[in-house]
Amino acid sequence: MVEPVRSSTRAERERALEEAGWNLFRLSARDVELDLLTDSGTGAMSQAQWAALIQGDESYAGSRSFDRFREAVSDVLGFPHVVPAHQGRGAESLFFGAVIDAGEIVPSNAHFDTTRAHIEVRDGIALDLPAAASLDPDTDHPFKGDMDLGRLAELLDGEEGERVSIVMLTLTNNTSGGQPVSMKNIHEVARLAREHGKKLVLDIARFAENAWFIREREEGYRDSSLPEVVHEMLGDADGVLMSAKKDAIANIGGFVAIREDEVFFHRLQARGIVFEGFPTYGGLAGRDLEAIAVGLHEVLEEDYLRYRIEQVAYLGALLEEHGAAILRPVGGHAVYLNASRMLPDVPAAQFPAQALACELYLAGGVRGVEIGSVMAGRDPITSENRVPPIELVRLAVPRRVYTSRQLEHAGDAVAEVVGRRAAIRGVEMTDEAPVLRHFTARFRPL
């Protein structure tokens, strides 16, 4: 469908940002001209998905829509047991509530915000072990999303190895710039996990984009079909978590799927009944389950994925052309501005990525999101701000929504910000929540 976009003046945007406490999450959508805050649940569903909504079976128990959803998870992803949830963090709540005890360590290539939060609120330790290449924003390494195998082996072999409950990988690696994880790295992480008796769990919110990059960049997969790459990519995992708002191209939904452990499956189901709903709807309407089932198949269509990846790459080229420093190579769902480089005179204590994101909004009504010191939050033990190696602003492209001309508007806004960056100052936080503070915190410019 067509959605009108309201133009605004800089004075109107200044008032809106002031009322929002200089936090782009708190803005009203009516005050945003180009919304690149997230690709989660913001995509446009296809005609086949809209048609599937009409088939929604809203039975409380035994819904036919759940059967179609379960079949799609099994056919596309290869997991026979699935517990639906209202969205990705609902799936995380079910899963981590069932597996994490206080003091346990969960290593990952990089935990994203809600994953880290669900581990830490249970007094677990979310440990990031990113590959060294991910720390260099300029190198064109094809798989910056990989986990550091040496550090993982050292952890599992050491005294703290017994405290590791599960091993995780996020495909693609959102925190590290939407970068893909190689098939080789997935297999090696799985091998280390098996050797030490640990379960491997994958966050597959963007599994199709990761599969595309494997086929395009990794030796030996050029002639494979995308479904073949996906089945090999997920074949080593004991379970997966998914936000269906990403690569199922649905507006809501998520799930936990596991392969063989029926005892654990029934434990998840029991938690799902308490926190989400009956096992055959899990906090969703039947029509939402139908949309997810169709989306899981559609996301692996060649033409769709090619256009998706190339559109994001086009945005990256535009922003560089207008003087932005970006994380290279461009990932699958977003372009990440390197705020550390674009605002070198703003120290981390003054949240340079938050300041840059606000300036982009003021320049052109473009809403992105800070991936830096604000989102990193406070260390749960020391209560000090965690400082990431690179301060980033993510510009996430919704699926099947914007035209190229609309994305060019982001380039115009970047050009304006680059032209006045010497005058840009940092911000200070005036109010914050103890967990996931970036969603609701308030700031003021320095």
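Residues numbered from 1 in each chain as written. Predicted model: local features only at pLDDT ≥ 70, side-chain atom pairs only at ≥ 80, totals over all residues. Heavy atoms only, no water.

So what about a negative patch on the surface? Which residues, and what values?
Where like charges cluster on the molecular surface, the negative patch consists of Asp 238, Glu 260, Asp 261 and Glu 262. Residue position: Glu 260 is located in the loop between β8 (254-258) and α10 (262-275). (Patch = residues over 30% accessible without salt bridge, like charges linked within 9 Å, V, L, I, M, F, W, Y side chains within 5 Å. Areas by Shrake-Rupley, 256 points an atom, 1.4 Å probe, with all protein chains shown as cover. Salt bridge = Lys/Arg side-chain N within 4 Å of Asp/Glu carboxyl O. Lys, Arg positive; Asp, Glu negative; His and termini not counted. Charge placed at Lys NZ, Arg CZ, Asp CG, Glu CD. Helix = DSSP H or I, 4+ residues; strand = E, 2+ residues; numbered from the N terminus.)

Please provide a residue-by-residue account of the sheet that holds strand β2 (residues 81-85), values included.
Sheet architecture is open: five strands sit in the order β2-β8-β7-β6-β5, paired in mixed fashion. Only two strands of the sheet have a single neighbouring strand rather than two, namely β2 and β5 (166-170). In this sheet, adjacent strand axes meet at a mean angle of 15 degrees when their direction is disregarded. Pairing of β5 with strand β6 (residues 199-203) involves five bridges; the strand directions are parallel. Note on β6: the bridge partner recorded for Val 167 is Leu 200. (Pairing = 2+ DSSP bridges. Axes fitted to C-alpha atoms, helices over the stretch in contact; angles between N-to-C directions.)

Please set out the pattern of salt bridges residue by residue, giving values where relevant.
In a structure, side chains of opposite charge can pair up when their charged atoms sit close to one another. Counted under the stated rule, the structure contains 38 salt bridges. Ionic pairing is found between Arg 308 and Glu 209, a salt bridge with its closest N-O pair at 3.1 Å. Separated by 99 residues along the polypeptide, Arg 308 in helix α12 (residues 302-321) and Glu 209 in helix α8 (residues 207-217) bring together distant segments of the chain. With a relative accessible area of 2%, Arg 308 lands in the buried category. Here Glu 302 ties to Arg 215 by a salt bridge, and the two come within 2.7 Å at their closest N and O atoms. With Glu 302 in helix α12 and Arg 215 in helix α8, this residue pair connects regions lying 87 residues apart in the sequence. Of the residues examined, Arg 215 reaches a relative accessible area of 8% and is grouped as buried. (Buried < 20%, exposed > 50% of the residue type's maximum accessible area, 1.4 Å probe, protein only.)

Mind laying out the sheet that holds strand β12 (residues 392-396), listing which residues take part and the relevant values?
Within a sheet, adjacent strands bond to each other through the backbone by hydrogen bonds, running parallel or antiparallel. Pairing within the open sheet is antiparallel, and its three strands lie in the order β9-β12-β11. Strands at the two margins of the open sheet, each flanked by one partner only, are β9 (334-338) and β11 (369-371). Across the sheet, the mean angle separating the axes of adjacent strands is 35 degrees when strand polarity is ignored. Alignment of β9 against β12, held across five bridges, turns out to be antiparallel.

So, to be careful, I would describe these as geometric facts and stop short of saying anything about function.
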